[in-house]
Amino acid sequence: MKRFWASVFILWPIVAVASGVISPTMHWWFPGAAQSPIGQRIDDLFYMILIIVTVVFIGTQIAMGYVLLRGARDTDGPGRALFTHGSHALEVIWTVVPSGVLLFIAFYQLDTWAAYRVKENYPMSSRLAPIAEVTARQFEWRIRYPNPTRKFQTLPEVDAWLRKPEPDDLYAVNELHVPTGKPIVIHLRTSDVQHAFFVPILRIKQDAVPGLVIPIIFEVLKPGPYEWVCAELCGWGHYKMKARVQADPKDDFEAYLKGLEREQFDDGVSGHGAKKATPTAAGEQKPEGVAQAAK
Amino acid sequence: MFSGLVSSPARLAAVSAAKLGLLSSLVAVLAVSGCGESPQPKFVVGESTLKLYRPAQRAVEAELVKDFGEPNRPVVWQKLPVDFGAFDGVVEETAQNFSDPVKIKLTRKADSKVPMAAEDLRGAGLIWTSGANSDATAWDQKGREVHLDYEVERYDPETSKLAVRVTPAIAGEKGKLDPPKAGDKFTVLGPVLQQGHKLYMTHCEHCHGVSGDGKGPTGGYFDIKPRDYRLGRFKFTSTKSNDRARRDDLVRTIRQGIPGTYMPSFLLFTDEEIGPIVEYIRWLAIRGEFEEKSDAEFANGQYTADDVSQRQKGGEAREAIETALENYIKSEYPGVADDLADRIGGSWTAAEQPDALVTPKIARTADTADSRERGRKLFHSDTAKCAQCHGPAGKGDGPQTEDYQVILGTNKKRTVPGLFDDWGNPIKPRDLTSGIYRGGRRPLDIYRRIYSGIKGTPMPPFGTALKDEEIWDIVNYAMSLPYGSGSGVPEVNQSKIASASPVGGG
């Protein structure tokens, strides 16, 4: 029986490691390569930690398996298991080594953390050109872009824009357009409860906290639509907060804002509204006699 | 303390094995059986129907089932201006059994235009138009599909294989069924509505209710009530004041949401999703209005429960009333119901016509200080009377909001001060300084709100009372209000710009 249990405890880490090795080939893995530089740095950290814990995991499991089997063999005879307690040297080793590892991780990740979370580190050009203010609410994302002609000279000017909408701001909902290829800043707020801005493929996740306007910086490397969800359970309609981040090259992004402006200031006559935002379900009334045709 | 365990490991193992076995068999049973068939959604009988005298009530309910069916098995009534969706099909191989999947060829009927996912036909009605199972009596003289005998069990667009089954409601009643043969023709009916129903039940029903009465389970918690479609009235439209909503209006509302309310944006819906949803909502609205108007007909004939008891007190014999009612239901009501469907359907058709659309005759007046000043004067004038409700500063606190209003269709005043909408809910005039525009923030949207009013609310239409220039002046003034110096800036209370670095994870 003791060998059975020893084998069970040895078997499961083997299964765990094997499944970890096989999973990527079956596409049961992480959500693909990050599409933002900060995301790649976060991925690097993640994989570094994954390697550390994998080595530690395999090492400790081998040691445990050895002890189990050795103990099973040693107690085959009439003898009893030897009870030992307290090894100063061992205690020191398994305190100092993990502490060293943790300290290494703690210091090693500081730069990445600071680049993402400390806004004083954001490039000034990005801070002075906020792409949008995103307001989460139950259960959607309302977006306000500064007019493309609006240039901010100082940070207090940006703060003033965040405090007070301006007449030529552009509004949208649930689809955030951003330019690719440069670090950009958006400002996140919520008009009710706590939400979280989460774009998995960019590795960007930030809580929206009532009463705060929180800047988020990121750069999108490749154009494309990216899934954008709420990552903080915000109420019964949490799942409805599915949205899209659309990253486009600079020219396309500017063209989008122009189109948005035309649409928003459409008066139905001047041709402002040449671009229709919503393709519609056509369908006039059915001609009579369909019933006949069905027979 | 481990002696017990050590002494009888076998017993322990046996006990845990028994427990484990019980648990896993329970899980297995649940997994196999599932949670059972989910209950079939049912239309709720309307409040005005419940007020009718019982036989009249039953007549209305029966008529509704005949004309509209049930939520997940709608009756296709050609007369209604609803794109139910239709495909013609031909069987291309002969099957062994009736329910075998057979290769078929499908063609969408030309008059069905609403975008839909063509591969999702499951649950749609099916009528054999040739072959052994064909049924020439599938349609009644009014163009209603009356034999809801078959439906699509599954359809695989890759292999073009379709399996048909007898509608669950009458399963067992059908005798021997002939397997489909090559060359048999059929029509698939109502897939658009079927898809609309499925999507509606997933995304809309929990607020707007199975019947579209705005009484879904989550709808009750809101201070701003979800739309009750049954008046056929939608607030934010592009049509004239007496016209219904266009499909485009509903599409826009669903895509953009209604800011300032609990209606969120469903921007990520594809055209194939939104088309069927809009069709289903229109169908629900028509059904609801048909029910209310039917009830009104009976109420006109004094057949509400209250009327009947009054009449009995007044000396009429119950038998006489019932006989008269029975005669009415038999001889007149079918015609009345037909007319109602024509009238209601006609009004939805009319809304899709170009002349229902409100388009300004002149372009927006330049947004100058002069124009705003003219707008401000009109805002306070006796012609437009905007300030009566929207208040002197546009904050939505005009004197009418504190007055006792006359109840619609009566000369009695309400006992509660304030404004109410047609659904009987208290309603506030828009605070124009908030910068939130429920029906959209385009100048065109605000023009239309002024021109046609907001349907179902005390906001009246000004299309005839004001000239286009005047409407544009008011638009310019109203749109300047959120940015006026001093009060009314859309600032979030207690909100401050984060001075620290971002916090929190997710």
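Predicted model, so just to flag it, every value in this text is computed and none were measured.

Digging into the overall build of chain A
Each helix and strand counted, chain A has 8 helices and 10 strands in total. By the compact-globule yardstick of 19 Å for 295 residues, chain A is too spread out, its C-alpha radius of gyration being 29 Å. Over its C-alpha atoms, taken along the principal directions, chain A stretches across nearly 100 × 75 × 35 Å. In chain A, once contacts between residues fewer than 6 apart in sequence are set aside, the share between residues at least 24 apart is 70%.

Thoughts on the pairing of strand 5 (residues 184–190) of chain A
All names here are of chain A. Judged by how many residues are buried, strand 5 sits mostly within the fold: 7 of 7 residues are covered. Along strand 5, one buried face is formed by Ile184, Ile186, Leu188 and Thr190 and the opposite face, lined by Val185, His187 and Arg189, is buried too. As defined by bridge partners, strand 1 (residues 132–137) adjoins strand 5 across 5 bridges and the pair is classed as parallel. Following the sheet pairing, glutamate 133 is matched in strand 5 by histidine 187.

Details of the sheet that holds strand 8 (residues 185–189) of chain B
Residue and element names in this part refer to chain B. Taken together, the 6 strands give a closed barrel; going around it, the order is 3-4-7-6-5-8, and neighbouring strands pair in antiparallel fashion. Recorded for the sheet is a direction-independent mean angle of 45 degrees between the axes of neighbouring strands. Note that strand 3 (residues 86–91) and strand 4 (residues 102–108) share 5 bridges and pair antiparallel. Within strand 4, the position partnered with aspartate 88 by the bridge is threonine 107.

A look at helix 4 (residues 54–68) of chain B
Residue and element names in this part refer to chain B. For helix 4, spanning 15 residues, the distance from its first C-alpha to its last is 21 Å, which sits close to the expected 21 Å at 1.5 Å a residue. For helix 4, the full list of buried residues reads Ala56, Gln57, Ala59, Val60, Glu63, Leu64, Asp67 and Phe68. In an axial view of helix 4, the angular spread of the buried residues amounts to 160 degrees, which keeps them on one side of the axis. Turned more than 90 degrees off the buried face of helix 4, the exposed positions are Arg54, Ala62 and Val65. Residues of helix 4 that are buried sit in contact with helix 3 (47–50), strand 1 (69–70), strand 2 (73–74), helix 8 (271–300) and helix 10 (318–352). Immediately downstream of helix 4, the backbone of glycine 69 shows phi near 70 degrees, a positive value.

Some remarks on unusual backbone geometry
In this model, glutamine 138 of chain A is joined to phenylalanine 139 of chain A through a cis peptide bond whose omega is 0 degrees. Locating phenylalanine 139 of chain A in the fold gives a position in the loop between strand 1 and strand 2 (140–145). Backbone geometry places serine 160 of chain B, a non-glycine residue, at a positive phi of 60 degrees. Note on placement: serine 160 of chain B falls in the loop between strand 6 (150–156) and strand 7 (161–166).

Comments concerning the environment of tyrosine 239 of chain A
Residues and elements named next belong to chain A. By the secondary structure assignment, tyrosine 239 is in the loop between strand 9 (224–230) and strand 10 (243–248). Classification of tyrosine 239 by C-beta neighbours within 10 Å gives exposed; the count is 10. Put simply, tyrosine 239 and glutamate 140 are 99 residues apart on the chain and 10.0 Å apart in space, counted from C-alpha to C-alpha.

Looking at the pairing of strand 10 of chain A
Residues and elements named next belong to chain A. Of the two faces of strand 10, the one holding Ala243, Val245 and Ala247 is buried and the one holding Arg244, Gln246 and Asp248 is not buried anywhere. One ladder, built from 5 bridges, connects strand 4 (residues 175–179) with strand 10; its direction is parallel. Bridge pairing in strand 10 places glutamate 175 opposite arginine 244. Where strand 9 lies against strand 10, 5 bridges are found, and the strand directions are antiparallel. If you follow tyrosine 226 over to strand 10, its bridge partner there is valine 245.

Thoughts on the packing of helix 1 (residues 2–22) of chain A against helix 2 (residues 37–74) of chain A
Residue and element names in this part refer to chain A. Following both chains from N to C, one finds helix 1 and helix 2 inclined at 165 degrees, their axes separated by 9 Å at the closest point. The angle between helix 1 and helix 2 places the two elements in the roughly antiparallel class. For the pair helix 1 and helix 2, the sense of crossing is left-handed. Facing Lys2, Arg3, Ala6, Phe9, Ile10, Pro13 and Val17 of helix 1, the residues of helix 2 in contact are Ile58, Gln61, Met64, Gly65, Leu68, Leu69 and Ala72. Considered class by class, the residues forming the contact of helix 1 with helix 2 number 10 nonpolar, 2 polar and 2 charged.

Some details on the confidence of the model for chain A
Where the model shows low pLDDT, its predicted coordinates should not be examined in detail. For chain A, the average pLDDT comes to 88, and 91% of its residues sit at 70 or higher. The low-confidence segment residues 273–295 of chain A (pLDDT under 50) makes 48 contacts with residues lying over four places distant or belonging to another chain.

Quick word on the sheet that holds strand 4 of chain A
Residues and elements named next belong to chain A. Across the sheet, which stays open at both edges, the 5 strands sit in the order 4-10-9-6-7 with mixed pairing between neighbours. The open sheet has two free edges, formed respectively by strand 4 and strand 7 (204–208), since each of these has just one partner strand. Each strand of the sheet is rotated relative to its neighbour by a mean of 25 degrees, with strand direction disregarded. Sheet contacts for helix 7 (residues 250–264): strand 4 and strand 10; angle to strand 4, the most-contacted strand, approximately 140 degrees.

Re the nonpolar core
The tendency in soluble globular proteins is for nonpolar side chains to be buried side by side. In this structure, Val134 and Ile216 of chain A together with Leu126 and Val188 of chain B are the most contacted members of the largest nonpolar core, which totals 120 residues. The next biggest cluster of nonpolar side chains, apart from the first, holds 21 residues, and it includes Phe379, Ile450, Trp472 and Ala478 of chain B.

Conventions we followed
- Residues numbered from 1 in each chain as written.
- Chains lettered and ligands numbered in written order.
- Predicted model: local features only at pLDDT ≥ 70, side-chain atom pairs only at ≥ 80, totals over all residues.
- Helix = DSSP H or I, 4+ residues; strand = E, 2+ residues; numbered from the N terminus.
- Rg over C-alpha atoms; globule rule 2.2 N^0.38 Å.
- Contact = placed C-beta atoms within 7 Å.
- Buried ≥ 20, exposed ≤ 12 C-beta atoms within 10 Å, placed from the backbone.
- Pairing = 2+ DSSP bridges.
- Axes fitted to C-alpha atoms, helices over the stretch in contact; angles between N-to-C directions.
- Expected span 1.5 Å × (residues − 1).
- Arc of directions from axis to C-beta.
- Parallel < 35°, antiparallel > 145°, perpendicular 65-115°, else oblique.
- Left-handed = near helix turned anticlockwise from the far one by under 90°.
- Nonpolar A, V, L, I, M, F, W, Y, C, P; charged D, E, K, R; others polar.
- pLDDT = per-residue confidence, 0-100.
- Core = buried A, V, L, I, M, F, W, Y, C linked by C-beta atoms within 7 Å.

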